[in-house]
Amino acid sequence: DGRVKPSVAHALLRVLKDRGWLSRVFTQNVDTLELVLLDEDDVVECHGSFRSARCSDGCGFRIKSEDDMERLFWSPARQLPTE
């Protein structure tokens, strides 16, 4: 469907976690792909993520759900969803 999916590297993080060799992942990625295979407590998002994104044009819109993120990042117009 063209959407970004976790890579083999993301799967390796899960293997390391399952073997007890990984206690935390610090990431600068904003795509939240680590959370597909790891628990939220295992991931520290150093720069935030799409989940915590807000409008930089000053309107104050915040992404509050997966639906908001989907509409914003996959809509052809890239328009902010209406509240």
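Predicted model only: the values in this text are computed from it and were never measured. (Residues numbered from 1 in each chain as written. Predicted model: local features only at pLDDT ≥ 70, side-chain atom pairs only at ≥ 80, totals over all residues. Heavy atoms only, no water.)

## Description of the overall build of the chain
Summing up its helical and strand segments, the chain has three helices and two strands in all. Along the chain, from the amino end to the carboxyl end, the secondary structure elements read α-β-α-β-α. Scored against the burial criterion, the 83 residues of the chain give a buried share of 24%. Carbon together with sulfur atoms contributes 52% to the accessible area of the chain, which is approximately 6,100 Å² in total. (Helix = DSSP H or I, 4+ residues; strand = E, 2+ residues; numbered from the N terminus. Buried < 20%, exposed > 50% of the residue type's maximum accessible area, 1.4 Å probe, protein only. Areas by Shrake-Rupley, 256 points an atom, 1.4 Å probe, with all protein chains shown as cover.)

## A look at the side chain of His 10
Structurally, the position occupied by His 10 is in helix α1 (residues 8-18). Within polar-contact distance, the side chain of His 10 engages the backbone nitrogen of Ser 7 at 2.8 Å. Residues in contact with His 10, not counting those within four places in the same chain, are Leu 33, Glu 34 and Leu 37. (Polar contact = N/O pair within 3.5 Å; in protein donor to acceptor, adjacent residues only side chain to side chain. Contact = heavy atoms within 4.5 Å.)

## Some details on α1
For α1, the capping residue at the N-terminal end is Ser 7, with a side-chain oxygen 3.2 Å from the backbone nitrogen of Ala 9. Remark: Gly 20 follows α1 within two positions and exhibits a positive phi of approximately 80°.

## Here's the deal with the confidence of the model for the chain
Residues at a pLDDT of 70 or more form 65% of the chain, whose mean pLDDT is 76. No element of the chain has a lower mean pLDDT than helix α3 (residues 66-74), which averages 69, and none a higher one than α1, which averages 91. (pLDDT = per-residue confidence, 0-100.)

## Looking at the pattern of salt bridges
For the structure on display, the rule yields two salt bridges. Between Arg 14 and Asp 18 there is a salt bridge, with the nearest N and O atoms lying 2.6 Å from each other. You can see Arg 14 and its partner Asp 18 sitting in helix α1, four residues apart, about one turn around the helix. Exposure remark for Arg 14: the relative accessible area of 24% places this residue in the partly exposed category. On the accessibility criterion, Asp 18 (54% relative accessible area) is exposed. (Salt bridge = Lys/Arg side-chain N within 4 Å of Asp/Glu carboxyl O.)

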